[in-house]
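Take a look at the letters that make up each chain.
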Amino acid sequence: MGTSVAAAENDPIDDGSGGAGDSQLRLVRLMMWTALGLIMAVRLLAALEEGLSWSVALVTMAPYPPLVVLLAGPHRRRVRDGLLAALVSLYAVPFAVAGTHWDWLPWPLAVAALCAFRGRAAWPLFGLILVATDVAGLWAGDDALSAIMRAQKTANDGLIIFGLYALVAMVARLDAARGDLARLELLRERLRVDGELRTIVGAHLRAVLVRLAQAVDAEPKIARDRLRAAVATVRQALTDIRATAADYRVSPALPAPIESPKVARLTLAAVFICDASLQLVGVVATYHRPWTLLLMAPLICAAGVVLLLMKPSRKQLILLGLLLGVPAMPFSYLLWDLSAIANLWPFFLGLVLTRMRPPRSLVITGVALALYIPLLFYPPPVPNLAGMAGLLVSMAILTWVSYALIRLSNLVVLLHQAQRDLTREALIRERTRIARDLHDLLSFSLSAVVLRGELCERLLETDPVRARAELAALPALVERALAELESVAHSAVGLRLDQELTTAHAVLEAAGIQAAATVETGTLPPEVDAAVAAVLREAVTNVVRHSTARTCHITVTPAGDTVRLRVVNDGAAEPPPVGSEPGTGGTGLTGLAERTGGRLTAGARPGGRFELVAEFAGTPGPASPQP
């Protein structure tokens, strides 16, 4: 409808987040920073396990501050390059203090390569760092398996932080662009509707203008024929508009389902593969029994398939628990090598924490921890206190990362769903608005053209002078309808009370109804003026369509802090419908009043009269009666 409500709906995008977006961003950032802090703690414990003093161990953490600042970005290119230079320089500092007698994993460089550069440069640089790590390990005296494990640990830590960093960036983009997709689709819908209406209805109205222009100065017979053709064309336009309005009330189709984001699934897969291969290489390096890989590799591969390829379900949890739990406990006491499978329990616990609610999830996690601690003492070798703490923190890291990746993956899906629902809701509201405007605006305008055209046709025989005057006024009505048509698709339609009073008077007289209008208010606020005009238009339409009225009285008066519209007509033995049927979306007076923020009462009165009273909140200006 062409009221203030239509203007308010000019951009009907409300994400309804109510600050929830900030909470979600804080959550995902907390997950990333927690994982980063845990990895730093593990590396500190590894340095202490090597026998370094606390002061030297803290020196090994020198590259961490620029890494933290880099991840807290985004930064300009110069700042980023400066941070990268500082990171590389500070990474070399511990070598001057401790040589190679510390856990010199270049994982900060791996994280920086993946997070600071684009994909085409990031992944080759990441691979180069891993190869350099392996070569440097061999040069520093590592055996082949130890050098491979060093590269695997570097890759594992780098992928963990990169995966969480990428998900944080994705959530931030989605949250910032919650309404962008809806606005884009809304613009496309408006352009489509605009083209459709111009094609369906605009061509009819332009043809009517041509016929009316030809009829103004033509002979009576020719003028009558062209006038009839013009009225028939307008009737066809009315039929097309009603059919189009009905089509626009049909909701748009549901979009395709949303899948879990690839970055989360691929990161989880990469972390599992890195950690699983690290356990296999570690078993061979520790126990020197390669044949045990024939038993462990199938179990770990089966666990990876269940974790990464099965749909979330209770069956997935049970299968993963059996594949990772039973071999490590109690069968590791029969074959020590199987105890390495317990280091993959965090992937199971991540699923537990995500899929199950406390306290059940916490009980299962506590039981797993209680079963894991004895494995630190048996089988041998038994690590020192720092090594035990490092293993427990490593387990906490993988559990947290597994949980975070699954949780963030679900969050991204939910944000996509919210964005999709917001878009669909905006399209539904826009299509409903267009349907209302077509009914409330164009139907009335074209009905006025039809009524005055029929009156003009009758007057051509009885009062040619008045007929010519009415005929000369018709093009203005058609042009107004064209202007409303062009405005409907862009929600820029506005009504004015003075114009509607003039049009209502002309339409009522064209229908053979004696009209009288009195306005006792001054200048109204624009939104109130448009709302009163919209209800007046619909009320007059109902009088013409649903009554056999001979008289109609319209008054607009102030009533305290409200403006009151009163429309009274006779010829209403059967009350005209003033409301919409439930569930139709509202195109009658009751729905119209509600949409314009007013209150409406209507009903039959004695003597075959029908009275409609609508009140709108708004302080009118100084009274200036305008009969």
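As the structure is a prediction and not an experimental result, all values here were calculated from the model.

1. Some details on the overall build of the protein chain
Reasoning step 1: On a plain count of helices and strands, the protein chain comes out with 21 helices and 5 strands.
Reasoning step 2: Long-range contacts, defined here as pairs at least 24 residues apart, represent 76% of the contacts in the protein chain between residues at least 6 apart.
Reasoning step 3: Just so you have it, the protein chain exposes about 28800 Å², and 62% of that area is on carbon and sulfur atoms.

2. Side note on the pattern of salt bridges
Reasoning step 1: Taken as a whole and judged by the stated rule, the model has 14 salt bridges.
Reasoning step 2: Where Arg 228 meets Glu 457, a salt bridge forms, and the shortest distance between an N and an O atom there is 2.4 Å. Of this pair, Arg 228 sits in helix H10 (residues 220–248) while Glu 457 sits in helix H17 (residues 385–462), and the two are 229 residues apart along the sequence.
Reasoning step 3: Note that Arg 496 and Asp 498 form a salt bridge whose closest N and O atoms lie 2.8 Å from each other.
Reasoning step 4: With a relative accessible area of 39%, Asp 498 lands in the partly exposed category.

3. Structural notes on the layout of surface pockets
Reasoning step 1: As a volume, the largest pocket reaches approximately 1600 Å³.
Reasoning step 2: Every residue lining the largest pocket is counted, 50 residues in all, and those nearest its centre are Glu 49, Met 149, Lys 153, Asn 343 and Leu 391.
Reasoning step 3: One number sums up the size of the second largest pocket: a volume of about 640 Å³.
Reasoning step 4: Lining the second largest pocket are 24 residues; nearest its centre among them are Gly 73, Pro 74, His 75, Cys 115 and Tyr 165.
Reasoning step 5: Sorting the residues of the lining of the second largest pocket by element identifies helix H2 (20–49), helix H4 (64–71), helix H5 (77–98), helix H6 (107–116) and helix H8 (144–176) as the ones contributing at least two each.
Reasoning step 6: The element that contributes the greatest number of residues to the lining of the second largest pocket is H8, accounting for 6 residues.
Reasoning step 7: Across the lining of the second largest pocket, the residue classes tally to 16 nonpolar, 2 polar and 6 charged.

4. Focus: unusual backbone geometry
The bulk of non-glycine residues show a negative phi, and the bulk of peptide bonds are trans.
Reasoning step 1: Note that the residue after Met 329, namely Pro 330, is joined by a cis bond; omega there is 20°.
Reasoning step 2: As for its placement among the helices and strands, Pro 330 is situated in the loop between helix H13 (314–325) and helix H14 (345–355).
Reasoning step 3: Backbone torsion omega between Pro 358 and Pro 359 reads 5°, so that peptide bond is classified as cis.
Reasoning step 4: Locating Pro 359 in the fold gives a position in the loop between H14 and helix H15 (360–372).

5. Brief notes about helix H19 (residues 497–510)
Reasoning step 1: With 14 residues, H19 should reach 20 Å at 1.5 Å per residue; the first-to-last C-alpha distance of 20 Å fits that figure.
Reasoning step 2: When H19 is considered as a whole, its buried residues turn out to be Leu 497, Glu 500, Leu 501, Thr 503, Ala 504, Ala 506, Val 507, Leu 508 and Ala 510.
Reasoning step 3: Looking at the residues trailing H19, positive phi occurs at Gly 512, about 80°.

6. A look at the packing of H4 against H5
Reasoning step 1: Viewed as axis vectors pointing N to C, H4 and H5 meet at an angle of 155°, and their least axial separation amounts to 8 Å. Judged on the interaxial angle alone, H5 and H4 are roughly antiparallel. At the point where H4 passes H5, the crossing takes the left-handed sense. For the pair H4 and H5, contact is made by Pro 66, Leu 67, Val 69 and Leu 70 and by Arg 80, Leu 83, Leu 84, Ala 86, Leu 87 and Leu 90, respectively.
Reasoning step 2: A breakdown of the residues in the contact of H4 with H5 according to their chemical character gives 9 nonpolar, no polar and 1 charged.

7. A closer look at the packing of aromatic side chains
Reasoning step 1: The tally for this structure, following the rule as stated, stands at 10 aromatic pairs.
Reasoning step 2: Pairing Tyr 91 with Trp 102 gives two aromatic rings, centres 6.3 Å apart and planes at 55°, and the pair type is tilted. Taken together, the residues span a long stretch of sequence, with Tyr 91 in helix H5 and Trp 102 in the loop between H5 and H6 at a distance of 11 residues. Trp 102 carries the same exposure label as Tyr 91, and that label is buried.
Reasoning step 3: Centre to centre, the rings of Trp 400 and Tyr 403 are 5.8 Å apart; their planes meet at 45°, and the pair counts as tilted. Of this pair, Trp 400 and Tyr 403 both sit in helix H17, 3 residues apart, roughly one helical turn.
Reasoning step 4: Overall, the relative accessible area of 24% leaves Trp 400 in the partly exposed class.

8. A closer look at the packing of helix H11 (residues 262–287) against helix H12 (residues 293–309)
Reasoning step 1: At a closest axis distance of 11 Å, the pairing of H11 and H12 adopts a crossing angle of 170°. By the angle between their axes, H11 is roughly antiparallel relative to H12. When the axes of H11 and H12 are compared, the crossing they make is right-handed. Of the residues in H12, those touching H11 at Leu 268, Ala 269, Phe 272, Ala 276, Leu 280, Val 283 and Val 284 are Leu 293, Met 296, Ala 297, Ile 300, Ala 303, Gly 304, Leu 307 and Leu 308.
Reasoning step 2: Its residues placed into classes, the contact of H11 with H12 shows 14 nonpolar, 1 polar and no charged.

9. Examining the confidence of the model for the protein chain
Reasoning step 1: Per-residue confidence for the protein chain averages 80 on the pLDDT scale, and 86% of its residues sit at or above 70.
Reasoning step 2: Across residues 1–10 the pLDDT falls below 50, and counting only partners more than four positions away or on other chains, this stretch makes 34 contacts in the model.
Reasoning step 3: Scored below 50 in pLDDT, residues 622–627 makes 17 contacts in the model with residues more than four places away or belonging to other chains.

10. Notes on a nonpolar patch on the surface
Reasoning step 1: Together, Tyr 333, Trp 336, Leu 369, Ile 373, Phe 377, Tyr 378, Val 382 and Leu 392 line one region of the surface with nonpolar side chains, adding up to about 660 Å² of accessible area.
Reasoning step 2: Looking at the element boundaries, Leu 392 is found in helix H17.

11. Topic: empty space enclosed by the protein
Reasoning step 1: Throughout the structure, instances matching the rule amount to 5 cavities of 30 Å³ or more.
Reasoning step 2: There is about 90 Å³ of room inside the largest cavity.
Reasoning step 3: If you go around the largest cavity, you meet 13 residues; those closest to its centre are Arg 43, Thr 60, Tyr 64, Trp 102 and Asp 103.
Reasoning step 4: Among the elements of the structure, H2 and H6 are those that each provide at least two residues to the lining of the largest cavity.
Reasoning step 5: It is H2 that provides the largest number of residues to the lining of the largest cavity, a total of 3 residues.

Here is what the cut-offs are and how they apply
Residues numbered from 1 in each chain as written. Predicted model: local features only at pLDDT ≥ 70, side-chain atom pairs only at ≥ 80, totals over all residues. Heavy atoms only, no water. Helix = DSSP H or I, 4+ residues; strand = E, 2+ residues; numbered from the N terminus. Contact = heavy atoms within 4.5 Å. Areas by Shrake-Rupley, 256 points an atom, 1.4 Å probe, with all protein chains shown as cover. Salt bridge = Lys/Arg side-chain N within 4 Å of Asp/Glu carboxyl O. Buried < 20%, exposed > 50% of the residue type's maximum accessible area, 1.4 Å probe, protein only. 1 Å grid on protein atoms, 1.4 Å probe; cavity = no way out; pocket = protein on both sides within 12 Å on 5 of 7 lines; lining within 4 Å. Points joined across faces, edges and corners; volume = space filled by probe spheres on them. Nonpolar A, V, L, I, M, F, W, Y, C, P; charged D, E, K, R; others polar. Expected span 1.5 Å × (residues − 1). Axes fitted to C-alpha atoms, helices over the stretch in contact; angles between N-to-C directions. Parallel < 35°, antiparallel > 145°, perpendicular 65-115°, else oblique. Left-handed = near helix turned anticlockwise from the far one by under 90°. Phe/Tyr/Trp six-rings, centres within 6.5 Å; stacked < 30°, edge-to-face > 60°. pLDDT = per-residue confidence, 0-100. Patch = residues over 30% accessible without salt bridge, like charges linked within 9 Å, V, L, I, M, F, W, Y side chains within 5 Å.

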